[in-house]
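Commentary on secondary and tertiary structure
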Amino acid sequence: MLRRSLSTEKRSSEVPKGHFAVYVGEKERKRFVIPVSYLNHPSFQELLFQAEEEFGFHHPTGRGGLIIPCSMDSFLHLTSRLSRT
């Protein structure tokens, strides 16, 4: 289940239990709230490794989310596959 928050002001309170926020995009980033179960999938772990390689453990969002440095299309394709498993 992939969710996008409705408003900037409510973002921190819009993350339900069992989910976490990520920011996706190469230039313009969009916020998604995704299930923590995605962390168990090797394909998603590869994205996390890429995030670590690019940003280390200090992500420059200042918004309480993790930046995933990939294209929006790639992310949506991956999360679509993961939501069916």
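Residues numbered from 1 in each chain as written. Predicted model: local features only at pLDDT ≥ 70, side-chain atom pairs only at ≥ 80, totals over all residues. Heavy atoms only, no water.

The protein appears in an unreviewed UniProt entry as SAUR-like auxin-responsive protein family from Perilla frutescens var. hirtella.

Concerning the packing of aromatic side chains
In this description, an aromatic ring pair is defined by two values, namely the gap between the centres and the angle between the planes. What counts here: Put simply, two rings from Phe, Tyr or Trp (the six-membered ring, in Trp's case) pair if the centres are within 6.5 Å, and we call them stacked under 30 degrees between planes, edge-to-face over 60, tilted for the rest. Each helix is a run of H or I in the DSSP string that is no shorter than four residues. Each strand is a run of E no shorter than two, and both are numbered from the N terminus. A 1.4 Å probe rolled over the protein chains alone gives each residue an accessible area, and that area as a share of the maximum for its type sets the label: buried under 20%, exposed over 50%, partly exposed in between.
What the rule picks out here adds up to three aromatic pairs. Summarising the aromatic geometry, the rings of Phe20 and Phe44 are spaced 6.2 Å apart at their centres and angled 80° between planes, so their arrangement reads as edge-to-face. Residue Phe20 is located in strand β1 (residues 19–24), and its partner Phe44 is located in helix α1 (residues 42–55); the two are separated by 24 residues in the primary sequence. Assigned by exposure class, Phe20 and Phe44 land together as buried. One aromatic cluster is present, built from ring pairs that chain together Phe20, Tyr38 and Phe44.

Here's the deal with the nonpolar core
Rules: Only buried residues count toward a nonpolar core, which is a set of Ala, Val, Leu, Ile, Met, Phe, Trp, Tyr and Cys residues joined through side-chain atoms within 4.5 Å. The contact criterion used throughout is that any non-hydrogen atoms of two residues lie within 4.5 Å.
Residues Val22, Val24, Ile34, Phe44, Ile68 and Phe75 are the most contacted members of the largest nonpolar core, which totals 15 residues. For this core, the elements supplying multiple residues, two or more each, are β1, β2 (30–35), α1, β3 (66–68) and α2 (72–83). If you tally residues by element for this core, the top one is α2, at four residues. Residues contacting Ile68, with those up to four places away along its chain left out, are Val22, Tyr23, Val24, Gly25, Phe44, Leu47, Leu48 and Phe75.

Some points on the pairing of β2
Worth spelling out the cut-off: Paired strands are those between which DSSP finds at least two bridges.
β2 sits mainly inside the fold: five of its six residues count as buried. Here β1 pairs with β2 via six bridges, running antiparallel. What sits directly across from Tyr23, in β2, is Arg31. What sits between β1 and β2 in their antiparallel hairpin is a turn of five residues, with Gly25 showing a positive phi close to 140°.

What about α1?
Quick reminder of the rule: Helix span, as expected, comes to 1.5 Å for every residue beyond the first. Directions from the helix axis toward the C-beta atoms define the arc.
Between the first and last C-alpha of α1 there are 20 Å, a value that for 14 residues agrees with the 20 Å anticipated at 1.5 Å per step. Among the residues of α1, those classed as buried are Phe44, Leu47, Ala51 and Phe55. Each buried residue of α1 lies within a common arc of 50° when the element is viewed along its axis, so the set occupies one face. Those residues of α1 that are exposed and aimed more than 90 degrees away from the buried face are Pro42 and Glu53. The elements touched by buried residues of α1 are β1, β2, β3 and α2. Positioned one or two residues after α1, Gly56 has a phi angle of 70°, which is positive.

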